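Notes for the structure review
Letter by letter, the chains look like this.
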Amino acid sequence: MSVIAWIGLGHMGAPMAANLVAAGHEVRGFDVAPEATADASARGVRVTASIAEAVAGAEAVFTSLPRSEHVRAVYEGPGGVWETGPASALLLDTSTVDVETSRWCHELSAARGIRFVDAPVSGGIAGAAAGTLTVMLGGEAEATRLARGFVEPFAGHVFELGGATSGIAAKLANNLMLFVSLLGVAEGAALAASLGLDPERFFEVAAVSSGESWPLRTWYPAPGVVPTSPANRNFDATFTAALAEKDLSFAVEAAGAAGVRTPAARIALDQFERLIGEGYGAKDCSLIAKFASPDGRIAGFDPHA
């Protein structure tokens, strides 16, 4: 089995690292948040006091971080991965970043003689815990072949998509589709409710009809309909509005650079920005359903709770 470093032990990183531990690997983890390291330690990850300690002698180094600037800092900063990690290690970034940051990671790693793979994931916290994530790999063919072996313990599907940034390109396009679909689910659910349909019965119809989608199955915005829906828990986050805004802004930015028109994505992005502006950035992204409501209120959400 391998020695693996994992930098970023948050809601996604900790369960992914734990699946590597369960597969028999020695996983050394680092995070700046004490609650994150405590959770990871309870899952069998050997928590370290620094990035340097985590990456020493590692065969693979994973990063799972909130934003592009965090990825850049972890790689190039003092005591970071490039400065302290072995040149023989395979670097894999599972974070959702902008295309330019991913390209920067590839180019500067290659300049140092280090293999890098962009390896974003889809499937959420539940998929991370269950080991059923979709993993999208981008990089040189030999590097992505090696990466496959490292990611399989937390993956249900692994795709080697081509050269540098092809993994993050797939992730951004996929998330654009997700959030536009979420907007449709929010508006359809609001229309069904306003026309007097029982939410549970309407869900049963949509789930076997042309309205079926991942956000319908997972985030249906009414309490008591879907067990995984944040509407059952006052829209406490499974995927925050702030993260949704980040991912979708990267997708819209990439689309603009490619000359692709994305009016539906821009509407969804505007709604996430409105949620953040109202102070709900830490709530679940599916709370955009409140904007479809005739009076701005939605069952399952108490803003004062």
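Residues numbered from 1 in each chain as written. Predicted model: local features only at pLDDT ≥ 70, side-chain atom pairs only at ≥ 80, totals over all residues. Heavy atoms only, no water.

1. What about the UniProt feature "domain: 6-phosphogluconate dehydrogenase NADP-binding" (unreviewed entry) in the protein chain?
Mapped onto the present numbering, the UniProt feature "domain: 6-phosphogluconate dehydrogenase NADP-binding" (unreviewed entry) falls at residues 4-160. Structurally, residues 4-160 is divided into 43% helix and 23% strand, and its ends, taken at the C-alpha atoms, are 21 Å apart. (UniProt positions renumbered as here; feature names shortened; annotations may be inferred. Helix = DSSP H or I, 4+ residues; strand = E, 2+ residues; numbered from the N terminus.)

2. Quick look at the packing of aromatic side chains
Think of a pair of aromatic rings as described by two things: how far the centres are apart, and how the planes are tilted against each other in angle. Tallying each qualifying case throughout the model produces 12 aromatic pairs. When the centroid spacing of 4.5 Å and the interplanar angle of 15° are considered together, the rings of Trp6 and Phe62 count as stacked. Of the two residues, Trp6 is situated in strand S1 (residues 3-7) and Phe62 in strand S4 (residues 60-63); the sequence distance between them amounts to 56 residues. Like Trp6, the residue Phe62 is buried in the burial classification. Seen in terms of ring centroids, Phe62 and Phe154 are 5.9 Å apart; in terms of plane orientation they differ by 70°. Their pairing is edge-to-face. Of this pair, Phe62 sits in strand S4 while Phe154 sits in the loop between helix H8 (141-151) and strand S9 (155-160), placing them 92 residues apart in sequence. Of the two residues, Phe62 and Phe154, both sit in the buried class. Among the aromatic side chains, those forming a connected cluster through ring pairs are Tyr75, Trp82, Trp104 and Phe116. Here the guanidinium or amino end of Arg72 rests over the ring plane of Trp104, the centre of that ring lying 4.6 Å away. Over the face of the ring belonging to Phe291 we find Arg274, whose NZ or CZ atom lies 3.9 Å from the ring centre. (Phe/Tyr/Trp six-rings, centres within 6.5 Å; stacked < 30°, edge-to-face > 60°. Buried < 20%, exposed > 50% of the residue type's maximum accessible area, 1.4 Å probe, protein only. Lys NZ or Arg CZ within 6 Å of the ring centre and 35° of its normal.)

3. Looking at the UniProt feature "domain: 3-hydroxyisobutyrate dehydrogenase-like NAD-binding" (unreviewed entry) in the protein chain
When the UniProt feature table is mapped onto this chain, "domain: 3-hydroxyisobutyrate dehydrogenase-like NAD-binding" (unreviewed entry) is found at residues 166-290. The distance separating the terminal C-alpha atoms of residues 166-290 is 35 Å; by composition the span is 62% helix and 0% strand.

4. Details of the sheet that holds strand S6 (residues 115-118)
Read from one edge of the open sheet, six strands run S3-S2-S1-S4-S5-S6, paired in parallel fashion. Here the strands that pair on one side only, and so sit at the sheet edges, are strand S3 (46-47) and S6. Bridge analysis of S4 against strand S5 (residues 90-93) gives four bridges, and the strand direction is parallel. When the sheet's bridge partners are listed, Thr63 is paired in S5 with Asp93. Of the strands in this sheet, S1, S4, S5 and S6 are in contact with helix H4 (residues 68-76), which crosses S5 at around 165°. Across the sheet, helix H6 (residues 99-111) lies against S5 and S6, angled at about 165° from S6, the strand it touches most. (Pairing = 2+ DSSP bridges. Contact = heavy atoms within 4.5 Å. Axes fitted to C-alpha atoms, helices over the stretch in contact; angles between N-to-C directions.)

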